[in-house]
Amino acid sequence: MKELSPLFVRVAGLFLIVFTVSKLPVHSMAYSIRPEYGILSYSIPSIIPLLAGILLFWFPKTISKNILDVIPESINIENPKVILYIGCVLIGVVFMFFSISDLMYHISSGAFIYLFQKYEFSLDFVDVPGFVATIAEVLFSWVLVFRTNTFLLFVSRWKNGL
């Protein structure tokens, strides 16, 4: 378990980074609608988790050592790789649920504008950054659900550097 804890921490950091980046279009759109609150009120909710994810990703050994110092020695997990695999698939399913929901919103709103005769279809009416972020989230969740072994191999390479 102790030898895989840096890998668990690195995967958690990567998830936090991807989830935060997927929410950047929402914060930028909110700022464009209500700029009177100031840029910090919209950027801090993205900067803090992004920095936390980067720290988790780049310093997994230090963070896992601090976590393992608190955990008692009596915990014994027979096959931690299976738990990591199942955790990645479950997180992928959750990401896929939210990303498919967002994708359906973008597609239906674009189709509504296209089919409604009063408006001419234009990219001005479509949330392009949100749509691109949703596509990236769909692809990432697809990798987590259907290519978990490849993803874990890629992440474990970072343990010793590329």
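To keep things clear, this report deals only with the structure shown in the data block.

What counts as what
- Residues numbered from 1 in each chain as written.
- Predicted model: local features only at pLDDT ≥ 70, side-chain atom pairs only at ≥ 80, totals over all residues.
- Heavy atoms only, no water.
- Helix = DSSP H or I, 4+ residues; strand = E, 2+ residues; numbered from the N terminus.
- Buried < 20%, exposed > 50% of the residue type's maximum accessible area, 1.4 Å probe, protein only.
- Contact = heavy atoms within 4.5 Å.
- Areas by Shrake-Rupley, 256 points an atom, 1.4 Å probe, with all protein chains shown as cover.
- Phe/Tyr/Trp six-rings, centres within 6.5 Å; stacked < 30°, edge-to-face > 60°.
- Lys NZ or Arg CZ within 6 Å of the ring centre and 35° of its normal.
- Expected span 1.5 Å × (residues − 1).
- Bend = angle between axes of the 7 residues up to and from the residue.
- Core = buried A, V, L, I, M, F, W, Y, C linked by side-chain atoms within 4.5 Å.
- Axes fitted to C-alpha atoms, helices over the stretch in contact; angles between N-to-C directions.
- Parallel < 35°, antiparallel > 145°, perpendicular 65-115°, else oblique.
- Left-handed = near helix turned anticlockwise from the far one by under 90°.
- Nonpolar A, V, L, I, M, F, W, Y, C, P; charged D, E, K, R; others polar.
- Patch = residues over 30% accessible without salt bridge, like charges linked within 9 Å, V, L, I, M, F, W, Y side chains within 5 Å.
- Salt bridge = Lys/Arg side-chain N within 4 Å of Asp/Glu carboxyl O.

Remarks on the overall build of the protein chain
Logical step 1: Of regular secondary structure, the protein chain possesses seven helices and zero strands.
Logical step 2: Along the protein chain, helices (α) and strands (β) appear in the sequence α-α-α-α-α-α-α when read from the amino end.
Logical step 3: Burial status across the protein chain gives 28% buried among its 162 residues.
Logical step 4: Taking the contacts inside the protein chain whose residues are at least 6 apart along the sequence as the reference set, 82% of them involve residues at least 24 apart.
Logical step 5: Of the accessible surface of the protein chain, which amounts to about 10900 Å², a share of 72% is contributed by carbon and sulfur atoms.

Here's the deal with the packing of aromatic side chains
Logical step 1: This model, assessed by the stated rule, comprises nine aromatic pairs.
Logical step 2: Residues Phe15 and Phe151 carry aromatic rings whose centres are separated by 6.1 Å and whose planes lie at 15° to one another, so their mutual orientation is stacked. Taken together, the residues span a long stretch of sequence, with Phe15 in helix 1 (residues 5-22) and Phe151 in helix 7 (residues 148-157) at a distance of 136 residues.
Logical step 3: Here Phe151 falls in the buried class, since its relative accessible area comes to 6%.
Logical step 4: With centroids separated by 5.3 Å and ring planes inclined at 70°, the aromatic side chains of Phe97 and Phe98 adopt a geometry described as edge-to-face.
Logical step 5: Overall, Phe97 belongs to the exposed group, its relative accessible area being 57%.
Logical step 6: For Phe98, a relative accessible area of 42% puts it in the partly exposed group.
Logical step 7: Site record: aromatic cluster; members linked through ring pairs are Phe15, Phe19, Phe95, Phe140 and Phe151.
Logical step 8: Against the face of Phe57 rests Arg10, its NZ or CZ located 5.3 Å from the ring centre.

Section: helix 3 (residues 39-58)
Logical step 1: The end-to-end C-alpha distance of helix 3, which contains 20 residues, comes to 27 Å, matching closely the 28 Å that a straight helix rising 1.5 Å per residue would cover.
Logical step 2: A maximum bend of about 25° is found in helix 3 at Pro45.

Notes on the nonpolar core
Logical step 1: Among the nonpolar cores identified, the biggest contains 15 residues, and Val11, Phe15, Cys88, Leu144 and Phe151 are the most heavily contacted of them.
Logical step 2: Looking at this core, the elements that each hand over two or more residues are helix 1, helix 5 (80-115), helix 6 (128-146) and helix 7.
Logical step 3: Per element, the largest residue contribution to this core is five residues, and it comes from helix 1.
Logical step 4: In this view, Phe151 contacts Val11, Leu14, Phe15, Cys88, Phe140, Val143 and Leu144; residues no more than four positions away in its chain are not counted.

Quick look at the packing of helix 1 against helix 3
Logical step 1: Helix 3 packs onto helix 1 with a crossing angle of 155° between their chain directions and a minimal axis gap of 7 Å. In terms of orientation, helix 1 lies roughly antiparallel with respect to helix 3. Between helix 1 and helix 3 lies a crossing whose hand is left-handed. Residues Val9, Arg10, Ala12, Gly13, Leu14, Leu16, Ile17, Thr20 and Val21 of helix 1 touch helix 3, and the partners they reach there are Ser46, Pro49, Leu50, Ala52, Gly53, Ile54, Leu56, Phe57 and Trp58.
Logical step 2: Counted by class, the contact of helix 1 with helix 3 contains 13 nonpolar, four polar and one charged residues.

Re a nonpolar patch on the surface
Logical step 1: On the surface, a cluster of nonpolar side chains totalling about 590 Å² of accessible area is made up of Ile47, Leu51, Ile54, Leu55, Trp58 and Phe59.
Logical step 2: Relative to the assigned elements, Phe59 resides in the loop between helix 3 and helix 4 (60-70).

Taken by themselves, the reported measurements are silent on function.
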